[in-house]
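Given next are the chains, with one letter for each unit.
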Amino acid sequence: MNATVSTAVFGGFMVLTVALGLLAVRGRGRAEGQPEGLPGKGGGGRRAGGLTEWSVGGRSLGTVFIWVLMAGESYTSFSYLGAAGWGYQFGAPVLYVLAYMSCGYALGYVVGPMLWAYARRHGLVGLTDIVAHRYRRPWLGAAVALLATVCLLPYIQLQITGMGVVVSTISYGAISLNWGYFLSFAVTTAFVTVSGLRGSAWVSVLKDVLVIVTLGFLAVYVPWHYFDGYGPLLHRIVAEKPQWLTFPGHASGGLGQVWFATTTLVNSLTVVIFPTTVAGYLGARNADALRRNAMYLPFYNVLLFVPVLLGMAALFVVPHLTGAGSNLALFKLVVDSLPAWAVGLIGVAAALSSIVPMAVFMLVIGTMWGRSVLGAIPRLGAGATGAAEGGERAAAPEGRQKLLSQLVVVVAGALALLLTYTAPDTLVRLSLISYEGMAQLVPMLLLGLVWRRLTVHAAVSGLVVGFALVCVLVFGGHDPVWGVNAGLVGLAANLAVALAVTWLGPRGTDERPDAEVLALDEEFPRQRARPQDAAVSPPASS
């Protein structure tokens, strides 16, 4: 009976999830010739149902939708499984998540509007587009797409795995892990392929309501149910588990203060240029929405204390969880003490915390490949690239690019699902370099957009050296290096090589004006969308 009730609640919400995703884009593809984010206005020459609408929501999402969408990337299955698991296993080191997210939001206050304005001015729809346009190298956009895919695929697999664990647990074992994995893939693919970023934003609203309600409830219920309040719980942790409250934590392998500080630094730099974050930036209606979002998002981070604390509480209720089993610390408390309908509802919140970020990961991979890789093949994309050689934009058929992107979404999700079944350790090992590897794009992207002298040779040389060093350190078992996050070591080498090649190597020959190359326009990001801004300005030819 418990399994039936819990599974019925879960199934009903999954149907609602798909319906929300499909309703989000109802009627969006009917109008033609209207500019991005300006319904009913003329100009711009873009089809509302094309790649721009699908991949960045037509650049029309307001503060609320941007907030819930980007919060969706913060609250993944890690919030219910990993954060509680780290709290259960190690304790204090898990607080790096709150630190780097909050610092990243502060950086995003500056970086988000800058990338938004640059992409809007030049008609760009993703990270690879921006890189290809800045350096006038379509092949560089394709190379970055490949690198980003390697770093993002593990996150898709981890979300599939996380949702599978949640589904199997809340169904009291009635649904197997393998079926849970498949449900994760099927539900996400069903709505994101059709609805794109806008559908993800709509589903994020449902997810955030459930996350706030369920975590708020658990924050009150668990301490009082098991310990008669917070006072007795905290007193018991201090008395019996003091090593969980200080660095380097309990049996964490040396994740001390230096690791905490360096990881916070490198991850906060990385999160602002992560492809999924950039997709959120570019979906905004205006830059002010991004600034307000950067101020509001840290308040959401307070909720992350709940699974961490409940993970520590589980030490006294289910004290013998080991290895991957520690990730179930929170759900062991839920299944043990709550009625089936409540278990199902909390399971839905955790499942949506997998579905929303997974949808954005899949969408971003699809956009990068449909735009910068497959779209660059004449027979597939009809010559449509994110930025053509010489700075000239080809006449890009967005309908063709959108179709290619949607096909890649299905392929990427299916590949992650297949590897989850057959070789789960492959993507898990790749996940070790995801954030630290993506950090190596910071000089190429952010430094390149504010410093004209950074040449393509310098940016690529730094990227290659930094990424190679990260791989050597991580896969060689040397992360952290004397307590320092390997990603920061790689980033320092990356920056040093990029500067050296810039000063000692060949000079750049880009003759475009600064306004075409750099993100220097300070007025444009502060203006709300106007008809004259909507049309894409043609790049100056060299």
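What counts and what doesn't
Residues numbered from 1 in each chain as written. Predicted model: local features only at pLDDT ≥ 70, side-chain atom pairs only at ≥ 80, totals over all residues. Heavy atoms only, no water. Phe/Tyr/Trp six-rings, centres within 6.5 Å; stacked < 30°, edge-to-face > 60°. Helix = DSSP H or I, 4+ residues; strand = E, 2+ residues; numbered from the N terminus. Lys NZ or Arg CZ within 6 Å of the ring centre and 35° of its normal. Core = buried A, V, L, I, M, F, W, Y, C linked by side-chain atoms within 4.5 Å. Buried < 20%, exposed > 50% of the residue type's maximum accessible area, 1.4 Å probe, protein only. Patch = residues over 30% accessible without salt bridge, like charges linked within 9 Å, V, L, I, M, F, W, Y side chains within 5 Å. Areas by Shrake-Rupley, 256 points an atom, 1.4 Å probe, with all protein chains shown as cover. Salt bridge = Lys/Arg side-chain N within 4 Å of Asp/Glu carboxyl O. Axes fitted to C-alpha atoms, helices over the stretch in contact; angles between N-to-C directions. Parallel < 35°, antiparallel > 145°, perpendicular 65-115°, else oblique. Left-handed = near helix turned anticlockwise from the far one by under 90°. Contact = heavy atoms within 4.5 Å. Nonpolar A, V, L, I, M, F, W, Y, C, P; charged D, E, K, R; others polar.

K.L.:
Would you mind showing me how to read the packing of aromatic side chains here?
P.N.:
The relative placement of two aromatic rings is captured by the distance of their centres and the angle of their planes. On inspection of all chains with the given rule, the structure shows 20 aromatic pairs. Each ring, one from F65 and one from W202, has its centre 6.4 Å from the other, and the planes form 10 degrees; the classification is stacked. Taken together, the residues span a long stretch of sequence, with F65 in helix α3 (residues 63-74) and W202 in helix α9 (residues 177-227) at a distance of 137 residues. With centroids separated by 5.9 Å and ring planes inclined at 25 degrees, the aromatic side chains of Y96 and Y100 adopt a geometry described as stacked. One end of the pair, Y96, and the other, Y100, are both in helix α6 (residues 96-122), four residues apart, so they sit about a helical turn from each other. Ring pairs connect the aromatic residues W86, F90, Y96, Y100, Y155, W259, F274, F361 and Y435, which therefore count as one cluster. When the ring centre of Y135 is taken as origin, the NZ or CZ atom of R134, which lies over that ring, is 4.5 Å away.

K.L.:
Would you mind showing me how to read the nonpolar core here?
P.N.:
General note: in soluble globular proteins, nonpolar side chains tend to be found buried as a group. Formed by 156 residues in total, the largest nonpolar core has its most connected members in M14, Y80, I130, I156, L441 and M444. Element by element, the count of residues in this core is highest for helix α16 (residues 340-373), at 20 residues.

K.L.:
Teacher, can you tell me more about a nonpolar patch on the surface here?
P.N.:
A cluster of nonpolar residues, Y109, V110, M295, Y296 and F299, forms a patch on the protein surface that exposes about 550 Å² of accessible area. Breaking the nonpolar patch down by element, the ones donating at least two residues are α6 and α13 (287-301). A per-element tally of the nonpolar patch places α13 first, with three residues. Within the element layout of this structure, M295 appears in helix α13.

K.L.:
Explain the packing of α9 against helix α15 (residues 329-337) here, please?
P.N.:
Packed helices, taken two at a time, are described by the angle their axes make and the gap between the axes. It is at 12 Å that the axes of α9 and α15 come closest, and there the two elements cross at 70 degrees. Regarding the angle of α9 to α15, the classification is roughly perpendicular. Here the hand of the crossing between α9 and α15 comes out left-handed. Of the residues in α15, those touching α9 at L218, Y221, V222, H225 and Y226 are L330, L333, V334, D336 and S337. Its residues assigned to classes, the contact of α9 with α15 comprises seven nonpolar, two polar and one charged.

K.L.:
Would you explain the pattern of salt bridges in this entry?
P.N.:
When the charged atoms of two side chains lie near each other, side chains of opposite charge can form a pair. Under the definition given, this model contains eight salt bridges. Measuring nitrogen to oxygen at the nearest pair gives 2.7 Å for the salt bridge that ties D514 to R452. Taken as a pair, D514 in helix α24 (residues 514-517) and R452 in the loop between α21 (442-450) and α22 (456-475) lie far apart in primary sequence, 62 residues in all. What makes D514 partly exposed here is its relative accessible area of 38%. Here R452 falls in the partly exposed class, since its relative accessible area comes to 27%. Salt bridges sharing partners connect three or more residues here, namely R136, D510 and R512.

K.L.:
What should I look at first to understand the environment of L345 in this one?
P.N.:
The residue L345 is located in helix α16 in this model. For L345, a relative accessible area of 24% corresponds to the partly exposed category. C-alpha separation for the pair L345 and S6, spaced 339 residues apart in sequence, amounts to 7.7 Å.

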